[in-house]
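Commentary on secondary and tertiary structure
Here are the chains, one letter per residue:
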Amino acid sequence: MRSSRTIRDLLRSSANSASGSRRVDDIQTGSSHELDQQSRELDCLYAISSLASGEYGSSSEVLQKAVDLIPDACECQDSCCARIVIGDREFRSRNFTGTAWKLSSDIVALGAVVGTVEVSYVKNESKVGPLPAGKRNVISAIAEQLGRIVEREQTQDRLRRMELENHVFLGNILEGFVIIDTATLKVVLANERAAEFLGVRSADDLAGWAWLDFVHSEDRSHFEELASKETGNELRQAQEVREFRIVPPGGGETWVRAREVRIEFRGKQSTLIFLTRIAEQERVEDKIQKLSEEFEQRVSERTTQLEAVNKELEAFAYSVSHDLRAPLRSIEGFSQILLEDYAHWLDTQGRDYIQRVRSAARRMAQLVDDLLNFSRVTRSEMVRDAVDLTATAQAI
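Cut-offs used in this document
- Residues numbered from 1 in each chain as written.
- Predicted model: local features only at pLDDT ≥ 70, side-chain atom pairs only at ≥ 80, totals over all residues.
- Heavy atoms only, no water.
- Helix = DSSP H or I, 4+ residues; strand = E, 2+ residues; numbered from the N terminus.
- Buried < 20%, exposed > 50% of the residue type's maximum accessible area, 1.4 Å probe, protein only.
- Contact = heavy atoms within 4.5 Å.
- Expected span 1.5 Å × (residues − 1).
- Pairing = 2+ DSSP bridges.
- Axes fitted to C-alpha atoms, helices over the stretch in contact; angles between N-to-C directions.
- Salt bridge = Lys/Arg side-chain N within 4 Å of Asp/Glu carboxyl O.

This brings us to the overall build of the protein. When you go through the protein residue by residue, the secondary structure sums to nine helices and nine strands. Buried residues in the protein amount to 34% of all 396 residues. Of the contacts formed within the protein by residues at least 6 apart in sequence, a portion of 55% connects residues at least 24 apart.

Relative to the 40 Å expected for 28 residues at 1.5 Å per residue, helix α8 (residues 348–375) spans 41 Å between its end C-alpha atoms, a close match to the ideal helical length. Every buried residue of α8 is listed here: Gly350, Ile354, Arg358, Ala361, Val368, Leu372 and Ser375.

The side chains of a regular strand alternate, residue by residue, between the two faces of the sheet. Along strand β9 (residues 268–277), nine of the ten residues are buried, which leaves the element largely enclosed by surrounding structure. In terms of strand pairing, strand β5 (residues 176–181) meets β9 through six bridges, oriented antiparallel. Residue pairing in the sheet places Phe177 in a bridge with Phe274 of β9. Sheet topology note: the strand β8 (residues 254–265)/β9 ladder contains ten bridges and is antiparallel. Among the inter-strand pairings, Val261 is bridged to a residue of β9, identified as Leu272. Taking the residues between adjacent antiparallel strands as the criterion, β8 and β9 are bridged by two residues, where Arg266 takes a positive phi near 55°.

Let's shift gears to the side chain of His216. Mapped onto the fold, His216 is located in the loop between α5 (203–206) and α6 (221–232). Taking relative accessible area as the criterion, His216 reaches 15% and is therefore assigned buried. If near-sequence neighbours (up to four positions away) are discounted, His216 is found in contact with Arg245, Val247 and Glu253.

Attention now moves to the sheet that holds strand β3 (residues 102–109). Across a sheet, strands are paired by hydrogen bonds formed along the backbone, either parallel or antiparallel in direction. Taken in spatial order, the four strands line up as β2-β1-β4-β3 in an open sheet, and their pairing is antiparallel. Each of the sheet's edge strands pairs with one partner strand only, and the pair in question is β2 (89–92) and β3. Averaged over all adjacent pairs, the angle separating strand axes in this sheet is 15°, with direction ignored. With eight bridges connecting them, β3 and strand β4 (residues 112–121) associate as antiparallel partners.

In terms of residue burial, β8 counts as a mostly covered element, since nine of its twelve residues are buried. Note: strand β7 (residues 240–246) against β8, seven bridges, orientation antiparallel. Residue pairing across strands places Arg245 opposite Trp255, the latter belonging to β8.

Take the pattern of salt bridges next. If you walk through the whole model with that rule in mind, you get 15 salt bridges. Put simply, Arg262 and Glu260 hold a salt bridge, and the shortest N to O gap is 3.5 Å. The shortest N-O distance in the salt bridge between Glu332 and Arg358 comes to 2.8 Å. Pair noted here: Glu332 is in helix α7 (residues 278–341) and Arg358 is in helix α8, with a separation of 26 residues, a long-range link. With a relative accessible area of 21%, Glu332 lands in the partly exposed category. Note on Arg358: relative accessible area 14%, which makes it buried. One connected set of salt bridges, linked through shared partners, spans Arg83, Glu90, Arg92 and Glu118.

As structure tokens, then:
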């Protein structure tokens, strides 16, 4: 009996030991699974964060890369799919299918909700079950990173619009501009001056028009090459200047000089083109040159006239200095003789008259000196000094 009990106890102890070992294995397996899942989630968040902070093409390309990364964070990657909606743009991961087993989070950029990110399972497998609410934190973190991508896009668009407006309003008013989608070569935006160049009624009518319809058939190869480069992502950012012929819908052709700049506009690779009629530009340049020559001629004529006036003024000053001073000296001299040699013939009143004549002659001589000094004012350096206006007025 003791031996059988001992065997039974050993068997029971062995069974309990095996059961405990299985529980430990289960716990270890569960912990490993959770760590693996958390690692996938962190890898996904890091990859999307890198997209938000780096330069990986246009915003549309970045968002598509981001939505392709999201399923990698799910437990069953083949059954998981994602979708990002930003305004009227939608980006889907491979094999996306909208289902009831999903979680979503708003994408916020610059304080406003601009879209949503949605993660769901293609089918509700029993081993997966409904998406746990704990995954919402991961989806929210992904939405936050996507918001940063959209904020960068919006900021870049605002900066480009500001630069464009500054160039349009502060630049040459003779220029028209168009923005074309580099992939489709269709006009996205234009100003009224460009519409006038292209023979279209208004700038609004240009939107959606095929740009090649306005370009001479012999000059289209460059723009066709742009579209192929856009597909291969080989566009250069440098500004290019070229000349080609514009063919308006009403007929005829006009040579234009165009400055092209590669930009991203509304999330797409685009080309900004500034247009100037070559003939009109040359006419304006000729007119400016003619006006410049006329201005120089007028300056030369005015300078000659001014020199002549100065010479006449110098001649007048010489005449005043020599011709007017001689009579004054005679008046002063003879008046002095009368007072000295014939004073006994004159009574008091007569001597007073002669003194008045001498005083008036001296005053006249002073006026002559003042006129000469005044004529030299424009040719002498200005000297600032304090003046007693009261004393001057009393002296006068």
